[in-house]
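Coordinate analysis (summary)
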Amino acid sequence: MKILALALAAFALTGCATTTDLAASADPVRQTIAADSQAFERDRAAILAMQGDYAVTFDFRETVPIADGYELAEPKLTPAREVVIVVEDRGDFIMLQHLLLAGDGTDPFIVKHWRQDWQYEPARLLAFQGHDDWSVEGVSAAERTGAWSQTVYQVDDSPRYAAVGSWVHTADASTWEPPVSLRPLPRRDDTTRTDYDAIAAVNRHTVTAWGWTHEQDNSKLAIRDGETRELVREIGVNTYRRTDLEGAPAALAYWDATEDYWALVRERFNTLEASARRFHIEDDAEGTQLYGPVLDAGQRVLFGMDDVAEAWADAQTYLDSQITVLE
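Residues numbered from 1 in each chain as written. Predicted model: local features only at pLDDT ≥ 70, side-chain atom pairs only at ≥ 80, totals over all residues. Heavy atoms only, no water.

**Quick look at the overall build of the chain**
Counting its regular elements, the chain contains seven helices and 16 strands. Considered along the principal axes of its C-alpha atoms, the chain spans approximately 90 × 55 × 40 Å. Evaluated residue by residue, the chain yields a buried proportion of 46% over its 327 residues. Taking the intrachain contacts of the chain between residues at least 6 apart in sequence as the baseline, contacts between residues at least 24 apart amount to 63%. Only carbon and sulfur atoms are counted for the fraction: they give 55% of the accessible area of the chain, which is about 16,400 Å². With 29 positive and 55 negative side-chain charges, the chain shows a separation of 4 Å between the mean positions of the two kinds. (Helix = DSSP H or I, 4+ residues; strand = E, 2+ residues; numbered from the N terminus. Buried < 20%, exposed > 50% of the residue type's maximum accessible area, 1.4 Å probe, protein only. Contact = heavy atoms within 4.5 Å. Areas by Shrake-Rupley, 256 points an atom, 1.4 Å probe, with all protein chains shown as cover. Lys, Arg positive; Asp, Glu negative; His and termini not counted. Charge placed at Lys NZ, Arg CZ, Asp CG, Glu CD.)

**Focus: the confidence of the model for the chain**
Atom-level detail of predicted coordinates should not be read off regions where pLDDT is low. Taken over all residues, the pLDDT of the chain has a mean of 91, while the share at 70 or more is 90%. Overall, residues 1-24 carries pLDDT values under 50, and its contacts beyond four positions in sequence, including any with other chains, amount to one contact. (pLDDT = per-residue confidence, 0-100.)

**Structural notes on the nonpolar core**
Among the nonpolar cores identified, the biggest contains 44 residues, and Tyr261, Trp262, Val265, Phe279, Val294 and Leu319 are the most heavily contacted of them. Looking at this core element by element, the count peaks at ten residues for helix α5 (residues 248-275). Here Leu319 is in contact with Val265, Arg268, Phe269, Leu290, Val294 and Trp312, once residues within four sequence places are set aside. (Core = buried A, V, L, I, M, F, W, Y, C linked by side-chain atoms within 4.5 Å.)

**Comments concerning the pairing of strand β8 (residues 159-165)**
In terms of burial, β8 is largely enclosed, as seven of its seven residues are buried. Looking at chain direction, strand β7 (residues 148-153) and β8 are connected through six bridges and run antiparallel. Directly across from Ser149, in β8, lies its bridge partner Val164. Where β7 hands over to β8, the hairpin turn is made up of five residues, of which Asp157 adopts a positive phi near 70°. (Pairing = 2+ DSSP bridges.)

**Points about the sheet that holds strand β15 (residues 278-281)**
Overall, antiparallel pairing links the four strands, which are arranged β5-β6-β15-β16 in an open sheet. The sheet is open, and its two borders are formed by β5 (124-130) and β16 (323-325), each paired with just one other strand. Put simply, the sheet's adjacent strands are angled 25° from each other on average, direction ignored. Of the pairings in the sheet, the one linking β15 to β16 comprises three bridges and is antiparallel in character. Paired with Ile281 across the strands is Ile323, a residue of β16. (Axes fitted to C-alpha atoms, helices over the stretch in contact; angles between N-to-C directions.)

**Focus on the pairing of β7**
Of all six residues that make up β7, six are buried, and the element is covered over most of its length. Of the two faces of β7, the one lined by Trp148, Gln150 and Val152 and the one lined by Ser149, Thr151 and Tyr153 are each fully buried. Where strand β4 (residues 109-120) meets β7, six bridges bridge the pair, whose relative direction is antiparallel. Bridge pairing in β7 links Asp117 to Thr151.

**Observations regarding the side chain of Lys112**
By secondary structure assignment, the location of Lys112 is in strand β4. From its side chain, Lys112 meets the backbone oxygen of Val155 in a polar contact 2.9 Å long. There is a polar contact of 3.0 Å between the side chain of Lys112 and the side chain of Asp157. With sequence-adjacent residues up to four places away left out, Lys112 is seen in contact with Gln97, His98, Leu99, Gln154, Val155, Asp156, Asp157, Tyr254, Trp255, Trp262 and Leu295. (Polar contact = N/O pair within 3.5 Å; in protein donor to acceptor, adjacent residues only side chain to side chain.)

**Examining the packing of aromatic side chains**
Scanning all chains against the criterion turns up eleven aromatic pairs. Relative to Trp167, the ring of Trp118 has its centre 5.6 Å away and its plane inclined at 40°; by these criteria the two rings are tilted. Taken together, the positions of Trp118 in strand β4 and Trp167 in strand β9 (residues 167-169) put the pair 49 residues apart, joining distant regions of the chain. Each member of the pair, Trp118 as well as Trp167, is classed as buried. Geometrically, the ring pair formed by Trp118 and Trp176 is edge-to-face, given 4.8 Å between the ring centres and 75° between the ring planes. (Phe/Tyr/Trp six-rings, centres within 6.5 Å; stacked < 30°, edge-to-face > 60°.)

**Quick notes on the side chain of His214**
With respect to the helices and strands, His214 occurs in strand β13 (residues 211-224). Engagement of the side chain of His214 in a polar contact is seen with the side chain of Asn203, the distance being 2.8 Å. Beyond its immediate stretch of four places on either side in the chain, His214 contacts Tyr161, Asn203, Arg204, His205, Gly236, Val237 and Asn238.

In structure tokens, the structure reads:
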């Protein structure tokens, strides 16, 4: 009888637990929370998967001439080697820094390359307005719910472009694709061309088992005399194939030596974005007014020629001279 009573009690407890679990699984609110949490973690995993060592190809090809008489430029295919590191991970915010390896061997020259910041459900977003003008725009609840913004910064940590989109996951890949956004000329054209002023671009990031790609559908625009005119369309495919880079330790050593300096540079732009609704960042095509001096100051820290405070004081002079708050 005692054994039977214990068995019945155990069955009753099991039944209660099963009933409770069934009730919880039938609760749509709990199901939504669980699904949102799972999607959030899959998004994070896709973003964090972009860190690592990569053999890279940058492949840009003009495809469709729109303006009458326009002649397609020659394709531009450039190989590179990059190390991508996680600088910050606060859960809903992830910062990835790209470090470019120039030269072969175990001791390459390291160039701080582009940076991508990912923010979950952002309230605000940078927007390029053309001719080196920027604005900070609000993001509606409908646009940001369940979505991530990617904000890309140049080698001197000045803004490059930004957009908001949602990740889509399949068994073999994760893809993020936002609506079209405006951006300044890429350096590859800014140093050689004066016939257009901005690119309207759709970015597509796809993360796979072997690495990831950054696809671009671009329209090159002339914005002049109050009118916008499309000159030509371009496709770009940047391919990041995971590999073991011989010079990767040099990239990590560079960042260890200069990260405090670059944190001060980032903070200058963070403060600007937080305090201004519109601003202008002046530079020339070669970057001699802004990114050249800012990068040079970082190199002096790397080689022990300046400490962080001295390098930052010098870089701040250039930044302040080239940034104008408009509103």
